[in-house]
Amino acid sequence: MVFAPSPLRLSLDGDALVANWRWLADRSGAAACGAAVKADGYGLGAREVVARLSVAGCRDFFAATWAEAAALGVLPASARLSVLHGVRKEDMPLATTSPARPVLNTAEQVARWRSTGLPCDVMIDTGMNRLGLSVAQVADGLLDGLAIDTLMSHFACADEESPMNDRQLRAFTALTGQTRAKRMSIANSAGLLLKGASLDLTRPGLALYGGIARPEATGHIAQVVFPQAQIVQRRRMSSGETVGYGATFTALRDTEIAILNIGYADGYLRSFAKFGSAGQGRFPLVGRVSMDLVAIAIDAEPSLHEGDWVDIDYDLPLAALASGLSQYELLTGLGDRFDRIWRH
Ligand SMILES: *Cc1c(COP(=O)(O)O)cnc(C)c1O
């Protein structure tokens, strides 16, 4: 069966991805800089991200589950992969034959893995109360005899000025030398911009893909993900006519509009109706966002045709501010009706 290209695509800037990683690696100082590629590389396509960043020199990758690890297929020879959710009983057949390491989070996971003698990472909870063993469990000798590559923790508030950052960093670095771990790692995108938090390995995700995790990154991190939609139909609205569900927009004068092939089922949510635009602000959205369609006013460029491609404005920090969604949701919500096309 032959498929036509989708009328909806993400244009992905591979050079920007690599440049973002290089900047983050530089800001990581002497620490190695890895890459979080969970949720299919935050929606970009994890295989493509791993391939590009491996060529750039990235060695350490992080997926959430063993299904995600398997979906990566054969890794580049230089790449190492850690599975953040650890290892369940039902994961053991896959996990023990996979080159990836589990990040052990619980005493049960430690017990399950210890008998394999295989390498692992370990997550320590230093105050987030999400995943990880307690500092007290380490002191009790729970990790004795494990072949630990990287001891990890995770910041709760690295994107803010919070006393918790320092508290977590001190609690974690106090474990240096208390285990056989070769490396210590606590910093995500925001964390690696905090003083002294890069340790031996950083684990950025969001910033690789163009998210601004802290104000310090503004001007250094470039947009990677550019949604583009094709015009399904264009039309002229006469003054006084309305567009879309609820007839929420009324043309105050004759207006040229284009109907684009994108909607809330693609992650382009209804809240975008209030502020969304295309063509670098030249074409404001008019009316509501439908499941598969939106309307834009194209008086600024009436030469646009049925079948032409239009750039949807998707500046992550601006869109997050306007929509109330996080930059993470804005990336991972982009659905599977987009073709993902790498420019570089
Ligand atoms: C997702 C994740 C990261 C990356 O976080 P960003 O905020 O996207 O940089 C790093 N470490 C862990 C444990 C994670 O779950």
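This structure is a prediction, so every number in the text was calculated from the model and none was measured.

Cut-off values and rules
- Along each chain, the written sequence defines residue order, and numbers are assigned to residues from 1.
- Note on the predicted model: pLDDT of at least 70 is required for a residue's local features to be given, and 80 or more for side-chain atom pairs to be given and counted; whole-chain, interface and lining totals, by contrast, use all residues.
- With hydrogens and water stripped out, all remaining heavy atoms of the structure feed into the side-chain values.
- Within this analysis, patches are made of residues with over 30% relative accessible area and no salt bridge. Like charges are joined at 9 Å or less; nonpolar side chains (Val, Leu, Ile, Met, Phe, Trp, Tyr) at 5 Å or less.
- Shrake-Rupley sampling with a 1.4 Å probe provides the accessible areas, and residues are treated as covered by the protein chains on show and by no other component.
- Criterion for a salt bridge: a side-chain nitrogen of Lys or Arg within 4 Å of a carboxyl oxygen of Asp or Glu.
- Numbering of helices and strands runs from the N terminus; a helix is a DSSP stretch of H or I covering at least four residues, while a strand is a stretch of E covering at least two.
- The buried label goes to any residue with under 20% of its type's maximum accessible area, the exposed label to any with over 50%, and the partly exposed label to all in between, with areas taken from a 1.4 Å probe on protein chains only.
- Any residue with a heavy atom lying within 4 Å of a molecule or strand is counted as near it.
- As used in this structure description, the phrase polar contact means that two N or O atoms lie within 3.5 Å; if the pair is within protein, one of them must be able to donate a hydrogen and the other to accept it, and residues adjacent in sequence are counted only when both atoms belong to side chains.
- Only protein atoms enter the calculation, which uses a 1 Å grid: trapped sets of points that fit a 1.4 Å probe without letting it out are cavities, open sets showing protein on both sides within 12 Å along at least five of seven lines are pockets, and any residue with an atom within 4 Å of a point is a lining residue.
- Cavity and pocket membership follows a simple rule, namely that a molecule belongs there if more than half of its atoms are within 2 Å of the grid points.
- Under the scheme applied, nonpolar residues are Ala, Val, Leu, Ile, Met, Phe, Trp, Tyr, Cys and Pro; charged residues are Asp, Glu, Lys and Arg; polar residues are all the others, including Gly.
- Note on contacts: a residue pair qualifies if any of its non-hydrogen atoms lie within 4.5 Å across the two residues.
- Grid points are joined across faces, edges and corners, and a volume is the space filled by probe spheres set on the points.
- Angles run from 0 to 180 degrees between N-to-C directions of axes, and those axes are lines fitted to C-alpha atoms, restricted for helices to the stretch in contact.
- An angle below 35 degrees is read as roughly parallel, one above 145 as roughly antiparallel, one from 65 to 115 as roughly perpendicular, and any other as oblique.
- Should the near helix be turned anticlockwise from the far one by less than a right angle, the crossing is left-handed, and should it be turned clockwise, the crossing is right-handed.
- DSSP bridges decide pairing: two strands pair if at least two such bridges lie between them.
- By convention, orient the strands away from the viewer: a clockwise path from the first strand over the helix to the second makes the crossover right-handed.

### Focus on a nonpolar patch on the surface
Taken together, Y264, L269 and M291 make up a surface patch of nonpolar side chains, about 240 Å² in accessible area. Its location among the elements puts Y264 in the loop between β14 (255-260) and β15 (277-278). Assessed through its relative accessible area of 33%, Y264 is described here as partly exposed.

### Examining the site of the ligand
Taken together, 14 residues lie around the ligand, and K38, Y42, S189, L206 and Y328 are the ones closest in. Residue K38 places a side-chain N or O atom 2.6 Å away from an oxygen atom belonging to the ligand. Take Y42: an N or O atom from its side chain is 2.5 Å from an oxygen atom of the ligand. Here the ligand loses 93% of its free accessible area of 380 Å² to cover by the protein chains. Here the ligand occupies the largest pocket. Among the residues forming the shell around the ligand, the class breakdown is seven nonpolar, four polar and three charged.

### Observations concerning helix α3 (residues 46-56)
Where α3 is concerned, the buried positions are A46, V49, V50, R52, L53, S54 and A56. Residues of α3 that are buried make contact with α1 (14-27), β3 (35-36), α2 (38-42), β4 (60-63) and β19 (339-342). Once α3 finishes, G57 follows within two positions and takes phi at roughly 115°, a positive value.

### Focus on the side chain of S277
With respect to the element layout, S277 can be found in strand β15. Its relative accessible area of 14% is what places S277 among the buried residues. A polar contact of 2.6 Å, which involves the side chain of S277, links it to the side chain of D313. Once residues lying within four places of it in the same chain are set aside, the contact partners of S277 are Y268, F283, P284, L285, I312 and D313.

### Let's talk about the layout of surface pockets
As a volume, the largest pocket reaches approximately 390 Å³. Residue lining of the largest pocket: 22 residues in total, with K38, L84, R130, H154 and R203 positioned closest to the centre. Each residue belonging to the lining of the largest pocket can be placed in one class, and the counts come to eleven nonpolar, seven polar and four charged. When its volume is computed, the second largest pocket comes out at roughly 310 Å³. Contributing to the lining of the second largest pocket are 19 residues, with D159, A190, L206, A213 and Y328 lying nearest its centre. For the lining of the second largest pocket, the per-class residue count stands at twelve nonpolar, four polar and three charged.

### Some points on the packing of α1 against α3
Relative orientation of the contacting elements α1 and α3 amounts to 50°, with a least axis distance of 10 Å. It follows from the interaxial angle that α1 and α3 lie oblique. The element α1 and its partner α3 pack so that their crossing is right-handed. In this structure, α1 contributes G14, L17, V18, W21 and R22 to the contact, and α3 contributes V49, R52, L53 and A56. Residues that form the contact of α1 with α3 fall into these classes: six nonpolar, one polar and two charged.

### Describing the environment of V110
Within the fold, V110 resides in helix α6 (residues 107-114). C-alpha separation for the pair V110 and L143, spaced 33 residues apart in sequence, amounts to 7.5 Å.

### Description of the sheet that holds strand β9 (residues 183-185)
In space, the seven strands of this open sheet follow the order β3-β4-β5-β6-β7-β8-β9, with parallel pairing throughout. In this open sheet, the two strands that pair with only one neighbour each are β3 and β9. Sheet topology places strand β6 (residues 101-104) next to strand β7 (residues 120-123); two bridges connect them, and they run parallel. Paired with L104 across the two strands is V122, which belongs to β7. Along the sheet, α6 makes contact with β6 and β7, crossing β6 at roughly 145°.

### Quick word on the pairing of β6
Across the two faces of β6 the burial is the same, with R101 and V103 and P102 and L104 all buried. Looking at chain direction, strand β5 (residues 80-83) and β6 are connected through two bridges and run parallel. For V83, the partnering residue across the bridge sits in β6 and is P102. Viewed along the sheet, the connection from β6 through α6 into β7 turns out right-handed.

### Digging into the environment of L142
Along the chain, L142 turns up in the loop between α7 (135-139) and β8 (148-152). The sequence separation of L142 and T106 amounts to 36 residues, and the corresponding C-alpha distance is 10.0 Å. Contacts of L142, omitting those with residues within four sequence positions, involve A107, V110, R114, L133 and Q137.

Interpretation note: all reported values are geometric properties and have no functional meaning in isolation.
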